[in-house]
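Observations on the model geometry
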Amino acid sequence: MRSISIFGATGSIGESTFDLIVRAGGADAFRTVALTGSANIARLAEMARTLRAEIAVTADPARLSELREALAGSGVQAAAGPDAIADAADRPADWTMSAIVGAAGLVPGLRALRHGRTLALANKESLVTAGALLLGTARQHGATILPVDSEHSAVFQALTGEDTAAVERVIITASGGPFRDWPLERLKAATVAEAKAHPNWSMGNRISIDSASMFNKALELIETREYFGFDPDMIEAVVHPQSIVHALVGFRDGAVMAHLGPPDMRHAIGFALNFPDRAALPVARLDLAKLGSLTFQAPDPERFPALRLSREVMRIRGLSGAAFNAAKEIALDHFMEGRLGFLDMAGLVEATLARLSSETGLGNAATTLEDVLGMDHLARVRANELAKTLQ
Ligand code: NDP
Ligand code: MG
């Protein structure tokens, strides 16, 4: 029986993963090792009972007794706190879903890779902050990382059986989010509720707002660079409002392979769960005649400065991804709490990168886990300081 763990089980990706596992037979088909969550204790306990998990872990140490109570009599162990989440990743599972949101997903992902098995990676922040470290750890332990972000799963699929040396360019698509056609002036006053309302995908709050600002696409450009190793000049993003084409790979003979599918994360998750097989998945089938047309446009660099900033990070590498992601997370916190305007998020990230670049240099530092966590911390401190000057 295959063993699985889901980190971030109670989130949007975690729920979709759980759904696929349950449909594929649940506890009769898989041995569930660990499920983790944070605030949503009731749901975490319910999932752990359903899958008869060995252990359920909440990131919040203050919620341990609540989790214990919710699991009473179930035989599922309970634990709490970031260390307990990392320890849960030390329990070997054949297939581990990394779907914690933010930089908190890095350490559990690294620990899971040490078993030399498969890590399905939705947590894009770990590739952005520590791509070299993550891929190096996988190589060292003979583990496999499968991309779960829809664009990267699409690139992965378009590359299957191809010679990567023949690749000329990789294009990932962006829906353009809810603000695709908003004028600059109106964007300045965009609210959290408006930014959360993604037109095509149903996702967690933070990634939905990152989609509206294109910080999500910025992270994904960096993710493409880190995971596939292509030169930054070969990687681009194009706005495609229908979210049907997820990515395209262009080859030197002029052919372009596109990956199409409905905007449903269960495709990319299911692909990673069943890889290298393709199993039937409960996703809608495309009706091209009904869709009628698929459109594409260049992203507007003025309204989406995050894309420009990501180019710098792709070029510099080193610790710039850790600084970029941490500054972006702080900028997002300030926006969500009403202390920063929508367009000021990019301004804050840019100012933080400039400050850190002159203070420590971002490019040539060795990327050990300590380096990455140190930069993550420092960038948060600097971003919070600089945010005060923008308010
Ligand atoms: P959600 O916000 O919906 O879920 C996040 C999960 O992480 C929840 O289980 C949450 O617990 C848990 N969590 C929150 N904070 C912490 C913490 N500090 N430590 C440990 N666990 C924590 O996010 P999504 O599912 O949308 O996204 C998860 C990851 O997947 C992100 O990296 C995102 O960028 C990526 N991704 C998501 C896509 C999507 O469609 N949603 C598409 C592609 C990538 P709780 O809810 O119990 O508080
Ligand atoms: Mg994506």
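The rules we used
Residues numbered from 1 in each chain as written. Chains lettered and ligands numbered in written order. Predicted model: local features only at pLDDT ≥ 70, side-chain atom pairs only at ≥ 80, totals over all residues. UniProt positions renumbered as here; feature names shortened; annotations may be inferred. Helix = DSSP H or I, 4+ residues; strand = E, 2+ residues; numbered from the N terminus. Buried ≥ 20, exposed ≤ 12 C-beta atoms within 10 Å, placed from the backbone. Contact = placed C-beta atoms within 7 Å. Near = placed C-beta within 6 Å. Nonpolar A, V, L, I, M, F, W, Y, C, P; charged D, E, K, R; others polar. Core = buried A, V, L, I, M, F, W, Y, C linked by C-beta atoms within 7 Å. Pairing = 2+ DSSP bridges. Axes fitted to C-alpha atoms, helices over the stretch in contact; angles between N-to-C directions.

Once that is clear, we can look at the UniProt feature "binding site: Mn(2+)" (unreviewed entry) in the chain. Per the UniProt entry, the sites bearing "binding site: Mn(2+)" (unreviewed entry) are D149, E151 and E220 in this numbering. Across 72 residues, the annotated set stays spatially compact, with a maximum C-alpha separation of 8.3 Å. Tracing the chain through its elements places E151 in helix α7 (residues 150–159). We classify E151 as buried; it has 27 C-beta atoms within 10 Å. What E151 contacts, discounting residues up to four positions off in sequence, is I172, T173, E220, H246 and A247. Checked against the element boundaries, E220 lands in helix α11 (residues 215–228).

Attention shifts here to the site of ligand 1. Not every one of the 29 residues close to ligand 1 is listed here, only the nearest: G11, S38, A59, M203 and G204. Of all elements in the fold, only α1 (12–23), α6 (124–141) and α10 (205–213) reach the threshold of two or more residues within the shell around ligand 1. A total of 3 residues in the shell around ligand 1 trace back to one element, the largest contributor, which is α1. Taken together, the residues of the shell around ligand 1 break down into 14 nonpolar, 11 polar and 4 charged.

Another aspect to go through is the UniProt feature "binding site: 1-deoxy-D-xylulose 5-phosphate" (unreviewed entry) in the chain. UniProt's entry tags K124, S150, E151, S175, H198, S211, N216, K217 and E220 with the feature "binding site: 1-deoxy-D-xylulose 5-phosphate" (unreviewed entry), counted in the numbering of this structure. Note on placement: S175 falls in the loop between β8 (167–174) and α8 (184–188). With 22 C-beta atoms packed within 10 Å, S175 lands in the buried category. Those residues within four positions of S175 in sequence are excluded, and the remaining contacts are P199, N200, S211, H240, P241 and S243. Of note, N216 is situated in helix α11. You can call N216 buried: it has 26 C-beta atoms within 10 Å.

Time to look at the nonpolar core. Ranked by size, the top nonpolar core spans 119 residues in total, and within it A56, A323 and A327 carry the most contacts. In terms of residue count, the dominant contributor to this core is helix α15 (residues 320–336) (9 residues). Excluding residues within four positions of it along the chain, A327 makes contact with L348, V349, T352, L353, A379 and A383.

Strand pairing in a sheet relies on backbone hydrogen bonds. The paired strands run either parallel or antiparallel. Strand order across the open sheet formed by 4 strands is β9-β8-β10-β11, with mixed pairing between neighbours. In this open sheet, the two strands that pair with only one neighbour each are β9 (235–239) and β11 (256–260). Between one strand axis and the next, the sheet turns by 20° as a mean value, whatever way the strands run. Pairing of β8 with strand β10 (residues 245–251) involves 5 bridges; the strand directions are antiparallel. Paired with R169 across the bridge in β10 is G250.

Pairing between β10 and β11: 5 bridges, direction antiparallel. Looking at β11, one finds that G250 is bridged to V256. Between the end of β10 and the start of β11, which pair antiparallel, lie 4 residues, with G254 showing a positive phi angle near 95°.

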